[in-house]
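A look at the structure
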Amino acid sequence: DTEVTQTPKHLVMGMTNKKSLKCEQHMGHRAMYWYKQKAKKPPELMFVYSYEKLSINESVPSRFSPECPNSSLLNLHLHALQPEDSALYLCASSKLAGGNTDTQYFGPGTRLTVL
Amino acid sequence: GNSVTQMEGPVTLSEEAFLTINCTYTATGYPSLFWYVQYPGEGLQLLLKATKADDKGSNKGFEATYRKETTSFHLEKGSVQVSDSAVYFCALRGGNTPLVFGKGTRLSVIA
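Residues numbered from 1 in each chain as written. Chains lettered and ligands numbered in written order. Predicted model: local features only at pLDDT ≥ 70, side-chain atom pairs only at ≥ 80, totals over all residues. Heavy atoms only, no water.

With 24 residues of chain B at the interface, the matching set in chain A holds 25 residues. A combined buried area of about 1,700 Å² lies between chain B and chain A, and 51% of that area is made up of carbon and sulfur atoms. When the buried area of chain B at its contact with chain A is split by residue, L44, R93 and F101 of chain B rank highest and sum to 29% of it. With a shortest N-O distance of 3.6 Å, D102 of chain A and R93 of chain B are connected by a salt bridge. Summed over the shared surface of chain B and chain A, the result is 4 residue pairs in polar contact (both at pLDDT 80 or more). The element contributing the most residues to the side of chain B that touches chain A is strand β5 (residues 32-38) of chain B, with 4 residues. For the side of chain B that touches chain A, the per-class residue count stands at 10 nonpolar, 9 polar and 5 charged. (Contact = heavy atoms within 4.5 Å. Buried area = accessible area lost by both parts, 1.4 Å probe. Salt bridge = Lys/Arg side-chain N within 4 Å of Asp/Glu carboxyl O. Polar contact = N/O pair within 3.5 Å; in protein donor to acceptor, adjacent residues only side chain to side chain. Helix = DSSP H or I, 4+ residues; strand = E, 2+ residues; numbered from the N terminus. Nonpolar A, V, L, I, M, F, W, Y, C, P; charged D, E, K, R; others polar.)

In structure tokens, the structure reads:
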């Protein structure tokens, strides 16, 4: 089983709202990732967690706040977003954060619209 | 740094046609290479991978061979179906660097 689940599937929020995206995997993977994907573009890496610790933050604005409560869960807390933050947010996981044979498995994504 | 270049689409084919999507890469060392597929409105699915030179990845009738001498990992399928319509991303992973994606190739298969 290589399933990564994400909730919600769709989210519409205003610029003053606070919301959270959730991601879960039960493959025993110790690395989890958040990506942002705009239309007709490849995914862009936002954050990497390795063994529940933040290991990479790709200069993401502070209005995006990741959290890894345990090895199976990854959250992305959203606050004071801008309309240009509207995108598909993808979660992924892999066995390890390093090593070139490490394979990432992606969830179905959350389609976020900021009004 | 590491980079991936893949042919830009869109590619439009008739059902049962032969498919090739070119992918070349630049990397130091010995990266692993991947093809991901994204169907409309969905996330990315791993289609196939190869972790060393001359490896052939295959899945669902798709194949790609890791060619170190030409730094390529072209995706092929002998007979495409309408259900293969999607965006295909070539990607590489080298050492401790993050996954690097190509820009994606949109494939449309018409009946």
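Back to the text.
A separate point is the pattern of salt bridges. Taken as a whole and judged by the stated rule, the model has 6 salt bridges over all chains. Between K56 of chain B and E63 of chain B there is a salt bridge whose closest N-O contact spans 3.6 Å.

What follows concerns the layout of surface pockets. Approximately 570 Å³ is the volume attributed to the largest pocket. Along the walls of the largest pocket sit 26 residues, with A39, K40 and K41 of chain A together with V87 and R106 of chain B positioned nearest its centre. Secondary-structure elements contributing two or more residues to the lining of the largest pocket are β10 (86-93) and β12 (105-110) of chain B. Looking at the lining of the largest pocket, the element that brings in the most residues is β12 of chain B, giving 4 residues. Tallied by class, the residues present in the lining of the largest pocket amount to 10 nonpolar, 8 polar and 8 charged. (1 Å grid on protein atoms, 1.4 Å probe; cavity = no way out; pocket = protein on both sides within 12 Å on 5 of 7 lines; lining within 4 Å. Points joined across faces, edges and corners; volume = space filled by probe spheres on them.)

Residue and element names in this part refer to chain A. As defined by bridge partners, strand β3 (residues 18-25) adjoins strand β8 (residues 73-79) across 7 bridges and the pair is classed as antiparallel. Bridge pairing links S20 to H77 in β8. As judged from the 5 bridges shared by strand β7 (residues 64-70) and β8, these two strands associate in the antiparallel manner. Counted as the bridge partner of P66 is L76 from β8. Counted along the chain from β7 to the antiparallel partner β8, the turn is 2 residues long. (Pairing = 2+ DSSP bridges.)

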